[in-house]
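One-letter residues, chain by chain:
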Amino acid sequence: MEEDYDYESLGSNTTMLQNAFAGALAGIAEHCAMYPTRMQVIMNTEHSVQKSAALKMNLWKGVNSVVLGAGPAHALHFATYEFCKEYFGANSTNEHHPIGSAAAGACATIAHDTLMTPFDVVKQRMQLKDSTYKSIRECARSVYTKEGIKAFYISLPITLVMSVPFQSIQFATYEYFRKNLKSEGYDPKTHIIAGALAGAIASSVTTPLDVVKTLLQTRGTSHDPRIRNVAGFREAAGIIMERYGIKGFFRGFKPRVLTHMPSTAISWSVYEYFKWIIHLQNKEDL
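Along each chain, residue indices are assigned from 1 in the same order as the chain's sequence is written. Totals for whole chains, interfaces and linings use every residue, but because this is a predicted model, local features are given only for residues with pLDDT of at least 70 and side-chain atom pairs only at 80 or more, for both listing and counting. Think of the side-chain values as coming from all heavy atoms in the structure, minus any hydrogens and water.

Named according to an unreviewed UniProt entry, the protein chain is Mitochondrial carrier originating from Rhizopus delemar. UniProt positions are given in the numbering used here, feature names are shortened, and annotations may be inferred rather than shown by experiment. Under the UniProt heading Subcellular location (unreviewed entry), the note attached to the protein chain is "Mitochondrion membrane". In the Sequence similarities (unreviewed entry) part of its UniProt record, the protein chain is described as follows: "Belongs to the mitochondrial carrier (TC 2.A.29) family."

Written out as structure tokens, the structure reads:
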């Protein structure tokens, strides 16, 4: 088995371009399979909050925006991760290197989110229940015309504040579970279980930050002047605390965790699968 599949050597035996290709496929697979309803959007009145459960959300509107951004963003994400993991020495032995894995995950996240955030903003706007946008271009043009380029990046600081710990925790826990659950040879079950556990842990810790990020990304569609003009993280967090208390920071907690478990499992298993295929192809070419 070891001759057929040297698991630990994959990072060094695949090129940056190959890692990027596998990452792009993983990102597209993840986002297409798991396109969740946004439950954290702050409603304008208590009446609308009570009615929100009965309202039909536009579940698949904006998916094109996510796919368009997910491919390049995940390609950059995984290619950066593999490069930094090697650079930080996390591939040096069979032992777990949580700091190296976490640092590599943080670097990968900064690259990913800088590219992905504008696409995520468009997705959020198109996914709202009262959205009338028919295309990505129409939505992006409307946001730019009404709110300027700043609207596409206003949530980037909070996105990074949330995503860096999320991905650092996810990558470190994934590598930990992967190495402790690993069996001989290529084992998809290991990647699925390790990915699901990593997604559950990381999403649990970062849900409050995701709630604030969602408010910032959808502020332009709110009929509440205070929310529409919210300037940043502190003000957004203050509104949530004032109106909903501590519970407000955990809106959508269960759906978020239940969504991230399969989505992370899908992402990692697809990524590792294509890396395995590339690895075998590289061996045949030698």
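Caption draft 1: Quick look at the nonpolar core. Among the buried residues, those of types Ala, Val, Leu, Ile, Met, Phe, Trp, Tyr and Cys that are joined through side-chain atoms within 4.5 Å form a nonpolar core. Throughout this description, buried means an accessible area under 20% of the type-specific maximum (1.4 Å probe, protein chains only), exposed means over 50%, and partly exposed covers the range between. Residues Ala 26, Phe 78, Tyr 81, Phe 171, Tyr 174, Trp 268 and Tyr 271 are the most contacted members of the largest nonpolar core, which totals 16 residues. Runs of H or I in DSSP of at least four residues are treated as helices and runs of E of at least two as strands, each being numbered from the N terminus. When residues of this core are assigned to their parent elements, the largest contribution, 4 residues, is made by helix 12 (residues 253–285). We call two residues in contact whenever any of their non-hydrogen atoms come within 4.5 Å of each other. Once you skip the residues sitting within four places of it in the chain, Phe 171 turns out to touch His 77, Phe 78, Tyr 81, Ser 101, Gly 105 and Trp 268. Within the second largest apolar cluster, 14 residues are counted, among which are Leu 215, Leu 216, Val 230 and Phe 249.

Caption draft 2: View of the confidence of the model for the protein chain. Known as pLDDT, the predictor's per-residue confidence is scaled from 0 to 100. Predicted confidence across the protein chain gives a mean pLDDT of 79, with 78% of residues reaching 70 or more. When pLDDT is averaged over each element of the protein chain, helix 11 (residues 233–244) comes out on top at 91 and helix 3 (residues 46–52) at the bottom at 41. Within the model, pLDDT remains below 50 along residues 1–11, and this stretch shows 30 contacts once partners closer than five positions in the same chain are excluded.

Caption draft 3: Representation of the pattern of salt bridges within the structure. Note on definitions: salt bridges are taken to be side-chain nitrogens of Lys or Arg within 4 Å of carboxyl oxygens of Asp or Glu. Taken as a whole and judged by the stated rule, the model has 9 salt bridges. Measuring nitrogen to oxygen at the nearest pair gives 2.9 Å for the salt bridge that ties Glu 147 to Arg 125. Here Glu 147, found in helix 6 (residues 136–147), pairs with Arg 125, found in helix 5 (residues 98–127); they are 22 residues apart in sequence, far enough to count as distant. Look at Glu 147 and you get partly exposed, because its relative accessible area is 24%. By relative accessible area, Arg 125 is classed as buried at 3%. Salt-bridge contacts for Arg 256 lead to Asp 210; the nearest nitrogen and oxygen are separated by 3.5 Å. Taken together, the residues Arg 256 in helix 12 and Asp 210 in helix 9 (residues 188–217) connect sequence positions 46 residues apart. Comparing Arg 256 with Asp 210 shows no difference in burial state: the two are buried. Each of Asp 120, Asp 210, Lys 213 and Arg 256 takes part in salt bridges that share partners, so that together they form one network.

Caption draft 4: Looking closely at a nonpolar patch on the surface. Exposure above 30% relative accessible area and the lack of any salt bridge qualify a residue for a patch; like charges then connect within 9 Å, and the nonpolar side chains Val, Leu, Ile, Met, Phe, Trp and Tyr within 5 Å. Areas reported as accessible are Shrake-Rupley estimates using a 1.4 Å probe. Residue values count occlusion only from the protein chains shown. Together, Met 16, Phe 83, Tyr 87 and Phe 88 line one region of the surface with nonpolar side chains, adding up to about 470 Å² of accessible area. Of note, Tyr 87 is situated in helix 4 (residues 63–87).

Caption draft 5: Highlighting the packing of aromatic side chains. Only centres within 6.5 Å qualify two rings of Phe, Tyr or Trp (six-membered ring in Trp) as a pair; their planes then separate them into stacked at under 30 degrees, edge-to-face at over 60, and tilted for everything else. For the coordinates displayed, the defined rule picks out 13 aromatic pairs. For the pair Tyr 174 and Trp 268, a centre-to-centre distance of 3.8 Å together with 10 degrees between the ring planes defines the contact as stacked. With Tyr 174 in helix 8 (residues 156–181) and Trp 268 in helix 12, this residue pair connects regions lying 94 residues apart in the sequence. When sorted by exposure, Tyr 174 lands in the same class as Trp 268, which is buried.

Caption draft 6: How the structure looks around helix 9. Helix span, as expected, comes to 1.5 Å for every residue beyond the first. Helix length check: helix 9 (30 residues) gives 36 Å between terminal C-alpha atoms against 44 Å at 1.5 Å per residue, more than 12% under. Along helix 9, the largest kink reaches about 60 degrees and is centred on Thr 207; proline Pro 208 follows within four residues of it. Of all the 30 residues making up helix 9, 21 are buried; the element is thus mostly covered by neighbouring parts of the structure. Consider a residue and the seven residues that end there alongside the seven that start there; fitting an axis to each set, the bend is the angle between those axes.

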